[in-house]
Amino acid sequence: MTELLIIADPSLMAERQGWLAALADERRLSGNTLDAYERDTRQFLAFLTGHLAAPARLKDIDNLRPADLRGFLASRRRDGAGARTLGRGLAGLRSFLRHLERKGLANAAGASAVRSPKQPKSLPKPLSDRQAIAVVDAHEQLADEPWIRTRNAAVLTLLYGCGLRISEALSLTPADFAGTPTSLRITGKGDKTRIVPLIAPALTGVEDYIKLCPIPLADDRPLFRGARGGPLQPAIIQREMQKMRGALGLPDSATPHALRHSFATHLLAGGGDLRTIQELLGHASLSTTQVYTGVDSARLLEIYDRAHPRA
């Protein structure tokens, strides 16, 4: 990593370079993260040198106060840095200070006392209805074994058709589908239980999987199984979804969890009310569900910009 000229004490610069090398060799951080940490700490040392009107030294780092760090964040904000950039920069500085603290060269308490900038909530990225239907179609599945194709389709249909989290779908048992049910009792985060309607395509998908599954399925054991007979792991569905992104030309945001986002977004677009969607998703707070109104508004604006002659 090329070190740019910084007006700072050589011993401080050497410690910084040693910290970056340790991150690369021991922590195995990605090149992008290392570049960002290098840049963030370089900017901080440049700020500190200007703040002190003298080359920054290890002694100055040891005497850092929360006000100094807040001043740096404020200067970066004035330069146009957003909350994510500021949060990452503060994380890098904390890591550097902890490195120095372990060597007895600094006190990292000042950095710990500075609160990270509040991060903006990013909007969920749902699939379009056409994309979601293609993902859950058994004929689009890429696995070689027919029973594995129907298994994957059944799991993905439960995520999109019932709004389940992948962990919730994989915790279902054959007993949950006894007697042709019309709803499922789901235990989600915080042991919160909810009832979700079981739409016909989801039930049919599960029944097709049960017929083809070569593994004996006990009523009280997980319904969905891996190729070797053990409980199906989320990573397997995630990898299959990754393959389908390439096969169907879907964006990187098309993950299993995006199907749950699609469930909520499409319900809202179809006239569903937030309270009902909140109950179906198992959200403890309505404010968590309200994020989908932003998705719907963003999509409407996108359609307007694309289609309206005056846009």
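Residues numbered from 1 in each chain as written. Predicted model: local features only at pLDDT ≥ 70, side-chain atom pairs only at ≥ 80, totals over all residues. Heavy atoms only, no water.

### What to know about the UniProt feature "domain: Core-binding (CB)" (unreviewed entry) in the chain
Thinking step 1. Feature annotation in UniProt places "domain: Core-binding (CB)" (unreviewed entry) on residues 10-101, given in this structure's numbering.
Thinking step 2. Secondary structure across residues 10-101 comprises 84% helix and 0% strand; the distance between its end C-alpha atoms is 18 Å. (UniProt positions renumbered as here; feature names shortened; annotations may be inferred. Helix = DSSP H or I, 4+ residues; strand = E, 2+ residues; numbered from the N terminus.)

### Regarding the state of the cysteines
Thinking step 1. On inspection of all chains with the given rule, the structure shows zero disulfides.
Thinking step 2. You can see C162 has no disulfide; the closest cysteine sulfur is in C213, sitting 20 Å from it.
Thinking step 3. A relative accessible area of 1% means that C162 is categorised as buried. (Disulfide = S-S within 2.5 Å. Buried < 20%, exposed > 50% of the residue type's maximum accessible area, 1.4 Å probe, protein only.)

### Section: the UniProt feature "active site" (unreviewed entry) in the chain
Thinking step 1. Here the UniProt feature "active site" (unreviewed entry) sits at R165, K189, H257, R260, H283 and Y292.
Thinking step 2. Its location among the elements puts K189 in the loop between β1 (183-187) and β2 (193-197).
Thinking step 3. Judged by its relative accessible area of 64%, K189 is exposed.
Thinking step 4. Setting aside residues up to four positions removed in sequence, K189 forms contacts with R165 and E168.
Thinking step 5. Relative to the helices and strands, Y292 resides in helix α15 (residues 291-307).
Thinking step 6. Once residues within four sequence positions are removed from consideration, Y292 is found in contact with P124, H261, A264, T265, L268, L281 and H283. (Contact = heavy atoms within 4.5 Å.)

### Overview of helix α2 (residues 31-52)
Thinking step 1. Taking 1.5 Å per residue as the helical rise, α2 with its 22 residues ought to reach 32 Å, and the 31 Å between its terminal C-alpha atoms agrees with that figure.
Thinking step 2. Every buried residue belonging to α2 is among L34, A36, Y37, E38, D40, T41, F44, L45, L48 and T49, and all of these are buried.
Thinking step 3. Packed against the buried residues of α2 are α1 (10-27), α3 (58-62), α4 (66-78) and α5 (83-102).
Thinking step 4. A53 sits one or two residues past α2 and shows a positive phi near 60 degrees. (Expected span 1.5 Å × (residues − 1).)

### As for the pattern of salt bridges
Close approach of charged atoms allows side chains of opposite charge to pair.
Thinking step 1. Summed over all chains, the structure comprises nine salt bridges.
Thinking step 2. A salt bridge links R165 to E168; its shortest N-O distance comes to 2.5 Å.
Thinking step 3. Residue E168 is classed as buried on the basis of its relative accessible area of 2%.
Thinking step 4. In this structure, K243 and E240 form a salt bridge, with 3.4 Å as the shortest nitrogen-oxygen distance. Of this pair, K243 and E240 both sit in helix α11 (residues 234-248), separated by three residues, roughly a single helical turn.
Thinking step 5. The class for K243 is partly exposed, based on a relative accessible area of 49%.
Thinking step 6. Its relative accessible area of 14% is what places E240 among the buried residues. (Salt bridge = Lys/Arg side-chain N within 4 Å of Asp/Glu carboxyl O.)

### Brief notes about the domain arrangement of the chain
Thinking step 1. Looking at the chain, the domain boundaries give domain 1 (10-113) and domain 2 (129-307).
Thinking step 2. Placing the centre of domain 1 and that of domain 2 at their C-alpha centroids yields a distance of 43 Å. (Domains from an automatic or database assignment.)

### Observations regarding the nonpolar core
Thinking step 1. With 47 residues, the main nonpolar core has L156, L158, L164, F177, F224 and L259 as its most contacted residues.
Thinking step 2. Breaking this core down by element, the ones donating at least two residues are α7 (129-136), α8 (146-162), α9 (166-170), β1, α10 (200-212), α11, α12 (256-269) and α13 (274-281).
Thinking step 3. Sort the elements by how many residues they give to this core and α8 lands first, with nine residues.
Thinking step 4. Look past the residues within four positions of F224 in its chain and what remains in contact with it is R151, A154, V155, L158, A169, L170, V206, Y209, G230, P231 and L232.
Thinking step 5. In this structure, W19, L23, A81 and L90 belong to the second largest nonpolar core, which totals 29 residues. (Core = buried A, V, L, I, M, F, W, Y, C linked by side-chain atoms within 4.5 Å.)

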